[in-house]
Amino acid sequence: MNDLDGMRMRIGGEWVASDESRIREVHDPATGEVVGSYHLGNRDTTRRAIEAAEDAFEEWAGRTARERAGYLVRIASILEEHRSEFAEIITRENGKPLSEADGEVGGAIAHFQWYAEEASRVYGRTIPPTDPGKRHIVIRQPVGVVACIVPWNFPIVLWARKVAPALAAGCTVVARSASQTALSVLRLLEHIEEAELPSGVLNQVTGPAEESSDEFFANPSCRKVTFTGSTEVGRKLLAKSAWTVTNLSLELGGQAPAIVFDDADLDVAVEKVFGAKFRNGGRSCIAVNRIYVHDTIGDEFIARFTDRVESTVVGNGLNAGVELGPLIDSESVDKYLAHVLDIVDRGGKILYGGARLTDGDYSRGYFVEPCVAVDVDEAMYCMCDETFGPLAPIARFTDTDDVIRRANQTIYGLSAYLYTRSLERAFSVGERLQAGTVAVNDDVPSTTIAPFGGFKQSGLGRECGAEGIEAFLETKHISIRI
């Protein structure tokens, strides 16, 4: 029997099956094969998990920061010890190349290590009084029970990015992973038993997303919700939070521009834009979605970039040398193909790719060709909506002010990329781009030690860095009359 079959939820220190014995299978998007299965929860199991977290909160919050940090260090060690196992499960249920899955586990390890250190840096302050008979003290305290809603595109690292700072701050957690990629975190929870966290501190539920979120926002014991996902869903959660004024953090969609200036190192620009576009198959909120290249170097960049894309090895992420795995499901394939067709219908040109792969080893999976398109305009779907797939539309520009205007002409503002040898241009353009993260001559700007989040409809709040733990703390003023 597959050891990933019939995996259960973790609630109050116990493994819990669904009340109706409902089981959901997870399928490998590369082969269609069943990877494993898990018990499907409902609103009631979410309620039970919140109650367990509430029961555990006071004792966990009362522990010293050093004690809580010790648990996070142990979790990081467990992740490292079982790193190859977790990476393989991620690839099997998500489709990304094994090397990228391994890097994702490494990122999760870094989050637990970093927030183990940050736990001891939750500082307060004293304020000089205006009345000599008073003293004013400001302290930071954990917000309470936290609900963490995690997407499928980075199932372990985005889980860790929420859970680690929440635990470090002294909060207890109820987490819900995406239905397509629940197995990797459920397996992680099995191994985390070795860390001997107190019962109820860390709970993991499954089930329909709307049932879970309804309970998160209606239950007065759930004091904080942190969500990563689409802007469309984020708007719905924001509306739900209004009724109970629930503390809410949102990391939502993006439509990242990459601007390649005429003084860019083309070797660097081609490879870095390729990485920022096609990593995880373009299924990333910070993926490059629009490429603007200066007209004087346009022909050379496009030719070299297209050559690089043509050399991309597409296949099962478990196979050596694969750079691009399958999309997650048929809906993702349909959206990708619709964006390609829209380019053609509106007068754009496909230089390479753009089709679904269906022959041989590709026949059972959700594989598509990586695509390069030119002669695109701002009205095309690919230029104003997240493709969430391996489509790279390239437009030209001549004027810096104009390309900044075009780059900012979106409801999103999560990330942006620019390529130049000029330090002055890096600062002047970087400061004008409306994005929470700006990468200069880089393709991997996200890191656990620096804040991450978006402008405009790309979200509310910040994760990672010192700011990441702030999201799970309340500020309290204590006024004392001597």
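Being a predicted model, the structure only gives us computed values, none of them experimental.

So, about the overall build of the chain. Along the chain, the regular secondary structure elements total 15 helices and 22 strands. Relative to the 2.2 N^0.38 estimate, which gives 23 Å for 482 residues, the radius of gyration of the chain is 23 Å and therefore close to what a compact globule would have. Taking the principal axes of its C-alpha atoms as reference, the chain extends roughly 70 × 65 × 40 Å. Per-residue burial for the chain yields a buried fraction of 56% across its 482 residues. Here the analysis covers contacts within the chain between residues at least 6 apart in sequence; of these, 73% occur between residues at least 24 apart. Split by element, the accessible area of the chain, about 19400 Å² in all, is 49% carbon and sulfur. In the chain, which carries 50 positive and 71 negative side-chain charges, the distance between the mean positions of the two groups comes to 6 Å.

So, about the pattern of salt bridges. It is possible for side chains of opposite charge to pair when their charged atoms get near one another. According to the stated counting rule, one finds 36 salt bridges in the structure shown. As a salt-bridge pair, R279 and D443 come within 2.8 Å of each other at their nearest N and O atoms. Taken together, the residues span a long stretch of sequence, with R279 in the loop between α9 (266-278) and β13 (288-294) and D443 in the loop between β19 (437-440) and β20 (455-456) at a distance of 164 residues. The class for R279 is partly exposed, based on a relative accessible area of 31%. Assessed through its relative accessible area of 10%, D443 is described here as buried. We note a salt bridge from K335 to D385, for which the minimum N-O separation is 3.6 Å. Of this pair, K335 sits in helix α11 (residues 330-345) while D385 sits in the loop between α12 (381-384) and β16 (391-397); the two residues are 50 residues apart in sequence, bridging distant segments of the chain. Linked by salt bridges that have partners in common, D3, E85, R187 and E190 make up one network.

Strand order in the open sheet formed by 3 strands is β5-β6-β22, and the pairing between neighbours is antiparallel. On the outer flanks of this sheet lie β5 (125-127) and β22 (473-481), each paired with one strand and no other. Within the sheet, the average angular offset between the axes of one strand and its neighbour, ignoring direction, is 25°. Pairing between β5 and strand β6 (residues 134-142): 3 bridges, direction antiparallel. Paired with R125 across the strands is V138, a residue of β6.

Located in the positive-phi region is E196, a residue other than glycine, with phi close to 55°. By the element assignment, E196 lies in the loop between α6 (183-192) and β9 (202-205). In this structure, K456 takes a positive phi of about 50° despite not being glycine.

With that out of the way, let us pick up the sheet that holds strand β14 (residues 349-352). Taken in spatial order, the 7 strands make up an open sheet running β14-β15-β16-β13-β12-β18-β19, and their pairing is mixed. Strands at the two margins of the open sheet, each flanked by one partner only, are β14 and β19. Here the average twist between neighbouring strands, direction ignored, is 25°. Inspection of the sheet shows β14 paired to strand β15 (residues 371-374) by 3 bridges, in the antiparallel sense. Bridge pairing in β15 places K349 opposite V374. Its contacts with the sheet place helix α13 (residues 400-408) against β12 (256-260), β13 and β16, and it is angled at close to 170° to β13.

Thresholds applied
- Residues numbered from 1 in each chain as written.
- Predicted model: local features only at pLDDT ≥ 70, side-chain atom pairs only at ≥ 80, totals over all residues.
- Heavy atoms only, no water.
- Helix = DSSP H or I, 4+ residues; strand = E, 2+ residues; numbered from the N terminus.
- Rg over C-alpha atoms; globule rule 2.2 N^0.38 Å.
- Buried < 20%, exposed > 50% of the residue type's maximum accessible area, 1.4 Å probe, protein only.
- Contact = heavy atoms within 4.5 Å.
- Areas by Shrake-Rupley, 256 points an atom, 1.4 Å probe, with all protein chains shown as cover.
- Lys, Arg positive; Asp, Glu negative; His and termini not counted.
- Charge placed at Lys NZ, Arg CZ, Asp CG, Glu CD.
- Salt bridge = Lys/Arg side-chain N within 4 Å of Asp/Glu carboxyl O.
- Pairing = 2+ DSSP bridges.
- Axes fitted to C-alpha atoms, helices over the stretch in contact; angles between N-to-C directions.

Interpretation note: all reported values are geometric properties and have no functional meaning in isolation.
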